[in-house]
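# Fold and contact review
Residue strings, one per chain:
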Amino acid sequence: MDAHSPTDDDLRAIFLSVRRIAVVGFSHKPTRPSHGVAQYLFELGYQVLPVNPGLAGQTYFGRKVAASLRDLGEPVDMVDVFHRSEYLPEIVADMRAMNTPPGVLWTQLDVVHDGAAQAARAAGMRVVQNRCPRIEIPRLFPPGWMRV
């Protein structure tokens, strides 16, 4: 087990503390995991801010899609990444460059980059790699739980 693997209590604390979640690699296609997870988080009461340069300016979940994290124009608490692992160093650099850096880097299943995770931790961020909120929330909270 990785010394940096979050415990269930760590994960619960993250879900209870975050409100705004940027979804990097968001897809407009409802069949794609990034869309399904974003929709799920939105339905639980989180503010979801989609990030995808190809969809910039379109509106989903009541928010305009940003081309990049640097284009969000507002702080977020967590960044949920749906990109290949090799893009994580650049994403962490963008997170660190934000006026108010997010407190949590979350990477989806099979998205792992130890160097990027280390850089995020060095900047004071909590890091969760290779996990999915759509799997973790129902496992950690009772049926019908909502963020709001």
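Here, the structure is the one placed above.
Residues numbered from 1 in each chain as written. Predicted model: local features only at pLDDT ≥ 70, side-chain atom pairs only at ≥ 80, totals over all residues. Heavy atoms only, no water.

The side-chain alternation of strand 6 (residues 104–107) yields two buried faces, one formed by Val104 and Trp106 and the other by Leu105 and Thr107. Of the pairings in the sheet, the one linking strand 5 (residues 78–81) to strand 6 comprises four bridges and is parallel in character. Opposite Met78, over in strand 6, you have Val104 as the bridge partner. In this sheet, strand 7 (residues 126–128) lies alongside strand 6 in parallel orientation, the contact comprising three bridges. Across the sheet, residue Leu105 finds its bridge partner in strand 7, namely Val127. Taken together, strand 6, helix 4 (residues 114–122) and strand 7 form a β-α-β motif whose crossover is right-handed. (Buried < 20%, exposed > 50% of the residue type's maximum accessible area, 1.4 Å probe, protein only. Helix = DSSP H or I, 4+ residues; strand = E, 2+ residues; numbered from the N terminus. Pairing = 2+ DSSP bridges. Right-handed = clockwise from strand over helix to strand, strands pointing away.)

Counting residues in each nonpolar core, the largest one holds 28 residues, and the members touching the most others are Phe15, Tyr46 and Ile137. Broken down by secondary-structure element, the contributors of at least two residues to this core are helix 1 (8–17), strand 1 (20–24), helix 2 (33–43), strand 6 and helix 5 (133–140). Of the residues forming this core, the biggest block, four residues, is contributed by helix 2. Apart from residues no more than four positions distant in its own chain, Ile137 is found in contact with Phe15, Tyr40, Leu41, Leu44, Tyr46 and Trp145. Judged by nonpolar contacts, the second largest core, of 22 residues, contains Ala22, Leu69, Leu88 and Ala117. (Core = buried A, V, L, I, M, F, W, Y, C linked by side-chain atoms within 4.5 Å. Contact = heavy atoms within 4.5 Å.)

Spacing of three or four residues puts side chains on the same side of an α-helix, whose turn is 3.6 residues. Every buried residue of helix 2 is listed here: Ser34, His35, Val37, Ala38, Tyr40 and Leu41. Contact partners of the buried residues in helix 2: strand 1, strand 2 (47–51), strand 3 (59–60), strand 5 and helix 5. Backbone geometry just downstream of helix 2 places Gly45 in the positive-phi region, at approximately 110 degrees.

With that out of the way, let us pick up the layout of surface pockets. In this approach, a probe sized like a water molecule rolls over the atoms, and the result shows the empty space that is left. The computed volume of the largest pocket comes to approximately 240 Å³. Along its surface, the largest pocket is lined by 13 residues, and Val24, Ala67, His83, Glu90 and Ile91 are the ones closest to its centre. Looking at the lining of the largest pocket, the element that brings in the most residues is helix 3 (residues 88–97), giving three residues. Taken together, the residues that form the lining of the largest pocket break down as seven nonpolar, four polar and two charged. (1 Å grid on protein atoms, 1.4 Å probe; cavity = no way out; pocket = protein on both sides within 12 Å on 5 of 7 lines; lining within 4 Å. Points joined across faces, edges and corners; volume = space filled by probe spheres on them. Nonpolar A, V, L, I, M, F, W, Y, C, P; charged D, E, K, R; others polar.)

All told, the structure shown has six aromatic pairs when counted by the stated rule. On the numbers, 5.7 Å between centres and 75 degrees between planes, the contact of Phe26 with Phe61 is edge-to-face. Residue Phe26 is found in the loop between strand 1 and helix 2, and its partner Phe61 is found in the loop between strand 3 and strand 4 (63–64); the two are separated by 35 residues along the sequence. For the pair shown, Phe26 and Phe61 are each scored as buried. For the pair Phe42 and Phe61, a centre-to-centre distance of 5.3 Å together with 40 degrees between the ring planes defines the contact as tilted. Residue Phe42 is found in helix 2, and its partner Phe61 is found in the loop between strand 3 and strand 4; the two are separated by 19 residues along the sequence. On the accessibility criterion, Phe61 (14% relative accessible area) is buried. Members of the aromatic cluster, each reached through a chain of ring pairs, are Phe15, Trp106, Phe141 and Trp145. (Phe/Tyr/Trp six-rings, centres within 6.5 Å; stacked < 30°, edge-to-face > 60°.)

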